[in-house]
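Topology and contacts: notes
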Amino acid sequence: MTDLPLALVTGASRGIGAAVAHQLAPTHRLLLGGRDEAALEKVAAELPGAAPWRVDLTDEASLAAAAAQIERLDVLVHSAGAARLNTVAEATADDWRVNYEVNVVAVAELTRLLLPALRAARGHVVVINSGSGRTSRAGWGPYAASKFAARAFADAVREEEPDLRVTTVYPGRTDTDMQRAVIAHEGGEYDSARFLRPDSVATAVLTAVSASPEAHLTEVILRPR
């Protein structure tokens, strides 16, 4: 087990992050990033070679201290995210800040801190984005803008770090707790059959990560059928 490559998955306590951890577990040692220690412990108990990596991604000091303990990292999956929705007319400054702090600033800072470890392994960065990272629509401006920024960030890392592979995954609506909150905000009825399963998104991540060394999946787009 100690010879397996190391992967860090943020947002690993539930949803897409937990599904990604399960998909990577047979071939990777895992650090499970998140804030809910009990939930992380529960996921870790299901996966040999997994350990909780409890950290608040928006706390720069604790993030730096946690990242400093990682000397070599083969895969970094950014799955943690925030979704504050509102119209441009009604969105508060806090709506914009929360989306950018979690979906952009935390992603950029964690990647920056771990670049030495990723370079040492010629590793792979995966950013779980959204369909909103390619198309914005009414009522989604603050969230979509942050996801467009996350897309630009991933593109920049890909250009600046030629020894790394960088993949952006754009899932459509996925059956998660976040999606339930979104549907509630929109005033609709929740029907999980209309959405992607977290495992489907995780399979896309696994496909990118396990591609042969000369192959570089730069973008993956998934939509519910």
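In this text the structure is predicted, and so the values were computed from the model without any measurement.

The tally for this structure, following the rule as stated, stands at seven salt bridges. A salt bridge links Glu109 to Arg112; the nearest nitrogen and oxygen atoms lie 2.7 Å apart. A residue pair is termed a helical-turn pair when its members lie 3 or 4 positions apart in one helix, as Glu109 and Arg112 do in helix α4 (residues 93-121) at three residues. Judged by relative accessible area, Arg112 falls into the partly exposed class, the value being 49%.

Our next topic: the sheet that holds strand β7 (residues 219-222). Read across the sheet, seven strands follow the order β3-β2-β1-β4-β5-β6-β7 without closing on themselves; strand pairing throughout is parallel. Of all the strands in the sheet, just β3 (50-54) and β7 have a single pairing partner and so form its edges. For this sheet, the mean angle separating the axes of adjacent strands, direction not counted, is 15 degrees. By the bridge criterion, four bridges tie strand β4 (residues 75-78) to strand β5 (residues 124-128) in an arrangement that is parallel. Within β5, the position partnered with Val77 by the bridge is Val126. Set on the sheet, α4 makes contact with β1 (6-9), β3, β4 and β5; between it and β4 the angle comes to about 175 degrees. Along the sheet face, helix α7 (residues 198-209) touches β4, β5, β6 (165-171) and β7 and points at about 160 degrees away from the line of β6.

Thresholds applied
- The numbering scheme is per chain: residues are counted from 1 as the chain's sequence reads.
- Only residues with pLDDT of at least 70 are given local features in this predicted model, and only at 80 or more are side-chain atom pairs given and counted; all residues enter the totals for whole chains, interfaces and linings.
- Water and hydrogen atoms play no part in the side-chain values, which are based on all heavy atoms of the structure.
- Only one rule defines a salt bridge in this text: a Lys or Arg side-chain nitrogen within 4 Å of an Asp or Glu carboxyl oxygen.
- Each helix is a run of H or I in the DSSP string that is no shorter than four residues. Each strand is a run of E no shorter than two, and both are numbered from the N terminus.
- Burial status follows relative accessibility: with a 1.4 Å probe on protein chains alone, a residue under 20% of its type maximum counts as buried, one over 50% as exposed, and anything between as partly exposed.
- DSSP bridges decide pairing: two strands pair if at least two such bridges lie between them.
- Note on method: axes are straight lines fitted to C-alpha atoms, helices fitted across the in-contact stretch only, with angles between N-to-C directions ranging 0 to 180 degrees.
- The contact definition used throughout considers only heavy atoms, calling two residues in contact when any of these lie within 4.5 Å.

Bear in mind that shape data such as this cannot, by itself, settle questions of function.
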